[in-house]
Amino acid sequence: MQIFLDTANIEEIRQAAELGVIDGVTTNPSLIAKEKRDFIATIREICEIVDGPISAEVISLNADEMVAEGRKLAEIHENVVVKVPFTRDGLKATYALSQDDIDVNMTLIFSPNQALLAAKAGARYISPFAGRLDDIGQDGIAIASQCQDIISSYDYDTEIIAASIRHTQHVFLCAQEGIDIATIPFKVLLQMMKHPLTDIGIEQFLNDWKNANK
Ligand code: G3P
């Protein structure tokens, strides 16, 4: 499974990139706003740190404006993926951008039918939001897995990015379900590494070593 980092924080991206486990980065307007710095400069800097797909989201809701914005974002770096919200105009913009060989990540996906239409419109990536589906009492991973099943059943040049990942169990379930990509917050990446028995085991090894070498 590919792991993308879901953040616009440069320091988090640098630290995660050093581990050799990050295959890409996703951002969105909220994550960008949180950093309080220039959007284009931030995306450019991320592209210099991680050699993989870097999602940058359009703000416009009108198809023609989305296309114009998307073309500008695509000029930042060859690894930029244009993120487009799943709306009727978003589908129209995705189709137009994909015709120009610009990779699109259709986001704010919440159903397999939306995923199917996004793939047919030419989306290179599709982002079902698992955590937000959980928030309303649905099974977000199950829906993301249904999206994966549909996409995998046909020869679409499309990958599923499970997004809105809130905890380590979400990541495990994505991997167990065979979902292509999970995009995860930095804090979840750190939590994935921790296990109390590992800490206890290290302490025991070091104590035994010290005692044997007194
Ligand atoms: O990539 C989408 C993700 O950032 C949304 O996460 O926790 O705001 O639903 P969340």
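(A) A look at the sheet that holds strand β8 (residues 181–184). An order of β1-β2-β3-β4-β5-β6-β7-β8 is seen for the eight strands of this closed barrel, with the pairing classed as parallel. Averaged over all adjacent pairs, the angle separating strand axes in this sheet is 30 degrees, with direction ignored.

(B) Representation of the layout of surface pockets within the structure. Here the largest pocket defines a volume of roughly 540 Å³. At the level of secondary structure, the elements contributing two or more residues to the lining of the largest pocket comprise α2 (29–35), β5 (104–109) and α10 (186–193). Residue contributions to the lining of the largest pocket peak at five residues, all from α2. Split by residue class, the lining of the largest pocket holds nine nonpolar, eight polar and nine charged.

(C) Geometry of the packing of aromatic side chains. Applying the stated rule across the entire model yields three aromatic pairs. Taking the centre distance of 6.3 Å and the plane angle of 65 degrees together, the rings of F4 and Y125 count as edge-to-face. With a gap of 121 residues between them, F4 in strand β1 (residues 2–6) and Y125 in strand β6 (residues 125–128) connect regions that are remote in the sequence. Overall, F4 belongs to the buried group, its relative accessible area being 1%. Here Y125 falls in the buried class, since its relative accessible area comes to 5%. Directly above the ring of Y125 sits R124, whose terminal nitrogen or CZ lies 4.7 Å from the centroid.

Scoring rules and cut-offs
- Residues numbered from 1 in each chain as written.
- Predicted model: local features only at pLDDT ≥ 70, side-chain atom pairs only at ≥ 80, totals over all residues.
- Heavy atoms only, no water.
- Pairing = 2+ DSSP bridges.
- Helix = DSSP H or I, 4+ residues; strand = E, 2+ residues; numbered from the N terminus.
- Axes fitted to C-alpha atoms, helices over the stretch in contact; angles between N-to-C directions.
- 1 Å grid on protein atoms, 1.4 Å probe; cavity = no way out; pocket = protein on both sides within 12 Å on 5 of 7 lines; lining within 4 Å.
- Points joined across faces, edges and corners; volume = space filled by probe spheres on them.
- Nonpolar A, V, L, I, M, F, W, Y, C, P; charged D, E, K, R; others polar.
- Phe/Tyr/Trp six-rings, centres within 6.5 Å; stacked < 30°, edge-to-face > 60°.
- Buried < 20%, exposed > 50% of the residue type's maximum accessible area, 1.4 Å probe, protein only.
- Lys NZ or Arg CZ within 6 Å of the ring centre and 35° of its normal.

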